[in-house]
Amino acid sequence: TGSSRPQRMLKAVQKNATKGDPKSVISAIDYYCRHKEWAMNVGDDKGLILDSVLTEVNPSTALELGTYCGYSSVRIARLLSPDSKLITIEFNPAFAAIARQIIAYAGLQDKVILVEGASGDLIPKMKERFGIKSFDFVFLDHWKDRYVPDTKLLEDCGLLKKGTVLLADNVICPGAPEYLKYVRNNPRYESRYYPSNLEYTKVEDGLEKSVFLE
Ligand SMILES: Nc1ncnc2c1ncn2CCOCCNC(=O)c1cc(-c2ccc(F)cc2)cc(O)c1O
Ligand SMILES: [Mg+2]
């Protein structure tokens, strides 16, 4: 049996990036996925929007739903202040195994807590397991039909506070139409769309930023 796409991505990082240098890890993945083999990382174009929103929010506790190979975990964790933490949830054990290695190669393992499992099961356990009162920032990048139920779950578990920023990937492609309806017609959120393109392609996609108001 041959290698998997995530395994080949890890090899490209180990070959082309500098250990402990998050920027070089990000560049190595972007180069590989643009020129060798497409993969569903948020990518460099949408990554710049993610960076700017993160710099604005400067979260103490951040949550990512859908780790995949850890590209956006590295993008997020590299911008966190010293005592801040990113909790990232990945459903697929094979993806999680690669992500741990990519996050460690970037030297960010002390800022990232990678948890394996389904978001619907783990979100209600965040307080008891990790002592989280609430999240300052949430990056939604997992199953697109989980964006609404998991946002509602975060609300119901008291994990959102006034000013919490939700940033959702792929609201155009593959698309999250129910999520857009939910946050745009909801008085509890202030939403804004950031147009961009699907990672490594010319296809339209974008990020939806929604601020929780109460
Ligand atoms: N903790 C959890 N709980 C539940 N479920 C979970 C989970 N963790 C993971 N999962 C499972 C889903 O993980 C991957 C989700 N991401 C995508 O599917 C995705 C797809 C494309 C894409 C593909 C093909 C095209 F042609 C065009 C676009 C682009 C993207 O940027 C994407 O993010
Ligand atoms: Mg995505």
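Higher on the page you've got the structure.
A. Inspection of the coordination of the magnesium ion (ligand 2) at higher detail. Protein ligation of the magnesium ion (ligand 2) involves Asp141 (OD), Asp169 (OD) and Asn170 (OD1), the donor distances falling in the range 2.0 to 2.2 Å. On the basis of relative accessibility, which here comes to 4%, the residue Asn170 falls in the buried class.

B. Geometry of unusual backbone geometry. In this structure, Pro174 follows Cys173 across a cis peptide bond, with omega equal to 5°. Residue placement: Pro174 occurs in helix α9 (residues 171-175). Look at Asn170: it is not a glycine, yet its phi comes out positive at around 65°.

C. Here's a closer look at the pairing of strand β5 (residues 160-168). Across five bridges, the pairing between strand β4 (residues 135-140) and β5 is parallel. Counterpart to Phe139 in the pairing with β5 is Leu167. Once the chain exits β4 it traverses helix α8 (residues 147-156) before rejoining the sheet at β5, and the crossover so formed is right-handed. Alignment of β5 against strand β7 (residues 204-212), held across four bridges, turns out to be antiparallel. Residue pairing for β7: Ala168 is matched across the bridge by Glu208.

D. Main features of the pattern of salt bridges. Summed over the entire model, instances satisfying the criterion amount to 17 salt bridges. Salt-bridge contacts for Asp45 lead to Arg34; the nearest nitrogen and oxygen are separated by 3.9 Å. Taken together, the positions of Asp45 in helix α3 (residues 43-57) and Arg34 in helix α2 (residues 22-35) put the pair 11 residues apart, joining distant regions of the chain. Under the relative-accessibility criterion, Asp45 is labelled partly exposed at 29%. In this structure, Asp141 and Lys144 form a salt bridge, with 3.4 Å as the shortest nitrogen-oxygen distance. Like Lys144, Asp141 is buried.

E. The arrangement of the packing of helix α1 (residues 5-16) against helix α5 (residues 93-105) in detail. The N-to-C vectors of α1 and α5 enclose an angle of 10°; their axes lie 10 Å apart at closest approach. When the interaxial angle is binned, α1 and α5 end up roughly parallel. Together, Pro6, Gln7, Leu10, Val13 and Gln14 of α1 and Phe95, Ile98, Gln101, Ile102 and Tyr105 of α5 make up the contact between the two elements. For the contact of α1 with α5, the class distribution of residues is seven nonpolar, three polar and no charged.

Calculation rules
- Residues numbered from 1 in each chain as written.
- Chains lettered and ligands numbered in written order.
- Predicted model: local features only at pLDDT ≥ 70, side-chain atom pairs only at ≥ 80, totals over all residues.
- Heavy atoms only, no water.
- Donors = N, O, S within 2.8 Å, 3.2 Å for Na, K, Ca; no water.
- Buried < 20%, exposed > 50% of the residue type's maximum accessible area, 1.4 Å probe, protein only.
- Helix = DSSP H or I, 4+ residues; strand = E, 2+ residues; numbered from the N terminus.
- Pairing = 2+ DSSP bridges.
- Right-handed = clockwise from strand over helix to strand, strands pointing away.
- Salt bridge = Lys/Arg side-chain N within 4 Å of Asp/Glu carboxyl O.
- Axes fitted to C-alpha atoms, helices over the stretch in contact; angles between N-to-C directions.
- Parallel < 35°, antiparallel > 145°, perpendicular 65-115°, else oblique.
- Contact = heavy atoms within 4.5 Å.
- Nonpolar A, V, L, I, M, F, W, Y, C, P; charged D, E, K, R; others polar.

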